[in-house]
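These are the residues of each chain, in order.
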Amino acid sequence: GKGVRAWRTKFLGEGGIDAGGLYRELIYCLCKELQSQQLPLFILCPNGREQIGQNRDKWVPNPSSTSPLYLAMYEFLGKLMGLAIRTLSLLNLDLPSIVWKALIGAEIEVQDVIDIDRLSFKLIENMRSMEPRTVECPAGFPVAKLKFNAGLRLTEAVPDLVLKKGMRIIAIQGVSVATKEDAEAKLEAISTSGPWSVTFAGRVTPEQFNMAFCDTKFVIVGSDQKERELVPGGRRRALQWETRGEFCDHIVAYRKSEFKQQCAAMRRGLACVVPYALLSLFTWNELEAQVCGRSQMNVDLLQKMTKYNGCSPSDRHIQYFWQIMRNRFDEFEKAKFLKFVWGRARLPVRAADFQTHFTINQLNASARNPDAFMPIGHTCFFSVDMPAYTNLDIMHKRLLYAITHCEAIDADYGPRSIQAVQDEDSDDD
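Here we summarise the structure given alongside this text. (Residues numbered from 1 in each chain as written. Predicted model: local features only at pLDDT ≥ 70, side-chain atom pairs only at ≥ 80, totals over all residues. Heavy atoms only, no water.)

## Structural notes on the nonpolar core
Right, so step 1: Ranked by size, the top nonpolar core spans 56 residues in total, and within it Phe 42, Met 81, Leu 91, Leu 93, Met 266, Leu 287 and Val 291 carry the most contacts.
Right, so step 2: Here the element with the most residues in this core is helix α3 (residues 68-87); it accounts for seven residues.
Right, so step 3: Not counting the four nearest positions on each side in its chain, Leu 91 is found in contact with Ile 27, Cys 31, Leu 80, Met 81, Ala 84, Val 291 and Cys 292.
Right, so step 4: Membership of the second largest hydrophobic core comes to 31 residues, among which are Val 299, Val 384, Leu 399 and Ala 402. (Core = buried A, V, L, I, M, F, W, Y, C linked by side-chain atoms within 4.5 Å. Buried < 20%, exposed > 50% of the residue type's maximum accessible area, 1.4 Å probe, protein only. Helix = DSSP H or I, 4+ residues; strand = E, 2+ residues; numbered from the N terminus. Contact = heavy atoms within 4.5 Å.)

Below you can see the structure in the form of structure tokens.
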């Protein structure tokens with residue numbers, strides 16, 4: 001159920017008592033460690049490694065991690081994902097669509113691969129741009145717009161058909177043409193009452209292609225930067241003009257299935273908590289939201305789910321606080337603040353998914369000189385004790401220091417509260 005914990009947490013060397021905050025902190029640390037070089041389960045996606053394209057902050061399963069031990073770890077992560085759905089204890093994971101789609105059994109598309117590995121498809125695009133291109137001309141398109149010289153090269157661009165100056169005509173209506181006179185005769189015979197086609201030469205000849213790719217074999221460098229054969233004996237098979245299509249198809253197929261083993265293990269673990277039949281009801285976006293929440297904080301939702309103790313929404317320092325959350329903190333700092341007060345980096349998606357309201361308490365001890373005090377976060381109770389700072393800049397400075405440097409959970413509430421937690425029998429917060 002909502003808020004139930006799978007275990008109680010004790011941090012060695014720290015005085016925190018687990019009323020939920022330490023549990024959430026541990027989940028946060030587990031996810032942070034998963035998405036680092038400390039464990040071999042996930043690696044930064046190629047776009048992130050090369051700093052190109054979108055999703056540079058996304059992590060993908062390590063294709064090299066295929067041992068029974070590692071697959072068991074992926075399966076356990078799948079169980080944690082199921083636990084996150086059932087208990088609303090969100091995981092701060094940054095995984096791309098290619099992983100989430102595999103978890104629900106959806107088809108992986110080329111765009112999912114481009115979203116994490118732009119360079120692989122840049123090679124395919126460049127290779128395919130070398131091939132002859134056939135352009136379908138719509139009915140009524142005037143043939144006079146195709147102006148070309150004796151070498152059959154266009155002397156003017158044709159923006160309507162996205163044709164560039166210099167492109168060379170090699171066929172009209174599927175019939176090869178060798179001279180300008182031949183091409184003009186073919187165009188005169190065309191009836192523009194219906195669609196017609198013209199084919200242009202590729203950027204290179206087959207001989208030039210074979211020379212350029214003479215050292216390229218049927219191998220690929222994976223996301224883990226290890227070389228793998230695309231076909232049996234691929235390291236001995238040279239790429240030729242005649243096999244360029246096959247080569248491109250194998251690259252696409254490999255990229256689509258690169259993380260198949262690891263995602264299958266996570267899916268098995270997830271199905272231990274959420275049955276396969278129910279997983280198919282999710283879209284990949286919905287599954288990500290259920291497991292991880294939204295990566296961008298909904299400040300309006302947080303404000304809606306906030307209660308005030310000893311202060312009110314109209315107080316000047318409370319208005320300062322919401323100005324900072326909206327206008328001064330970036331998404332990283334908002335996540336750090338949420339971790340400071342709740343032990344997690346992401347908000348639930350809906351108000352109904354909140355286990356408790358966020359509470360802003362007045363820090364009465366700071367009444368005489370509030371600017372000298374720091375805010376105090378209580379991760380177990382999703383609350384913060386806030387001094388009544390006298391101006392916006394001071395509050396911003398104090399909050400930024402607290403969320404950046406005060407991460408240890410060490411007896412962050414009084415002895416009376418500690419005793420109350422120790423006396424409870426329930427795992428609920």
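After presenting the structure, the write-up continues.
## So, empty space enclosed by the protein
Right, so step 1: Scanning the entire structure with this criterion turns up four cavities of 30 Å³ or more.
Right, so step 2: For the largest cavity, the calculated volume is near 80 Å³.
Right, so step 3: Here the residues of the lining of the largest cavity are counted per class, giving five nonpolar, two polar and three charged. (1 Å grid on protein atoms, 1.4 Å probe; cavity = no way out; pocket = protein on both sides within 12 Å on 5 of 7 lines; lining within 4 Å. Points joined across faces, edges and corners; volume = space filled by probe spheres on them. Nonpolar A, V, L, I, M, F, W, Y, C, P; charged D, E, K, R; others polar.)

## Some details on the sheet that holds strand β6 (residues 196-200)
Right, so step 1: Strand order in the open sheet made by the four strands is β3-β6-β4-β5, with antiparallel pairing throughout. Whereas interior strands pair on both sides, the edge strands pair on one side only; in this sheet they are β3 (133-137) and β5 (175-176).
Right, so step 2: Bridge count between strand β4 (residues 169-172) and β6: three bridges; the pairing is antiparallel. Its bridge partner lying in β6, Ile 172 is registered against Val 198. (Pairing = 2+ DSSP bridges.)

## Some thoughts on the environment of Phe 76
Right, so step 1: Mapped onto the secondary structure, Phe 76 falls in helix α3.
Right, so step 2: A relative accessible area of 45% places Phe 76 in the partly exposed class.
Right, so step 3: Residues Phe 76 and Ala 265, spaced 189 residues apart in sequence, show a C-alpha to C-alpha distance of 8.5 Å.

## Description of unusual backbone geometry
Right, so step 1: Here Asn 55, not a glycine, exhibits a phi torsion of approximately 55°, which is positive.
Right, so step 2: Within the element layout of this structure, Asn 55 appears in the loop between α2 (46-50) and β2 (59-61).
Right, so step 3: Positioned with a positive phi, Val 162 is a non-glycine residue whose angle comes to about 55°.
Right, so step 4: Tracing the backbone shows Val 162 in the loop between β3 and β4.
Right, so step 5: Owing to a relative accessible area of 58%, Val 162 belongs among the exposed residues under this scheme.

## A few points about the sheet that holds strand β9 (residues 306-309)
Note: strands within a sheet are paired through backbone hydrogen bonds, in either parallel or antiparallel orientation.
Right, so step 1: Taken together, four strands build an open sheet; the order of strands is β9-β10-β12-β11 and the sheet is mixed. The sheet terminates laterally at β9 and β11 (376-378), the two strands that pair on one side only. Taken over all neighbouring pairs, the strand axes of this sheet differ in orientation by 20° on average, direction set aside.
Right, so step 2: Sheet topology note: the β9/strand β10 (residues 358-362) ladder contains four bridges and is parallel. By the bridge assignment, Lys 307 is partnered in β10 with Thr 359.
Right, so step 3: With respect to the sheet, helix α14 (residues 316-328) is in contact with β9, β10 and β12 (383-386), its orientation differing from that of β10 by roughly 140°. (Axes fitted to C-alpha atoms, helices over the stretch in contact; angles between N-to-C directions.)

## Side note on helix α15 (residues 331-342)
Every α-helical turn comprises 3.6 residues, leaving residues that sit three or four positions apart pointing alike.
Right, so step 1: The end-to-end C-alpha distance of α15, which contains 12 residues, comes to 16 Å, matching closely the 16 Å that a straight helix rising 1.5 Å per residue would cover.
Right, so step 2: With nine of 12 residues buried, α15 lies mostly within the body of the structure.
Right, so step 3: Among the residues of α15, those classed as buried are Glu 333, Lys 334, Lys 336, Phe 337, Leu 338, Lys 339, Phe 340, Val 341 and Trp 342.
Right, so step 4: One side-chain oxygen of the residue at the start of α15 lies 3.2 Å from the amide nitrogen of Phe 332, identifying that residue as Asp 330.
Right, so step 5: Just downstream of α15, Gly 343 is the residue with a positive phi angle, here 75°. (Expected span 1.5 Å × (residues − 1). Polar contact = N/O pair within 3.5 Å; in protein donor to acceptor, adjacent residues only side chain to side chain.)

## Quick notes on the packing of helix α4 (residues 97-104) against helix α10 (residues 260-271)
Right, so step 1: Closest axis-to-axis distance for the α4/α10 pair is 9 Å, and the angle between their directions is 50°. It follows from the interaxial angle that α4 and α10 lie oblique. Here α4 runs over α10; the crossing is right-handed. Here α4 contributes Val 99, Ala 102, Leu 103 and Ile 104 to the contact with α10, which in turn contributes Cys 263, Met 266, Arg 267 and Leu 270.
Right, so step 2: Residues that form the contact of α4 with α10 fall into these classes: seven nonpolar, no polar and one charged. (Parallel < 35°, antiparallel > 145°, perpendicular 65-115°, else oblique. Left-handed = near helix turned anticlockwise from the far one by under 90°.)

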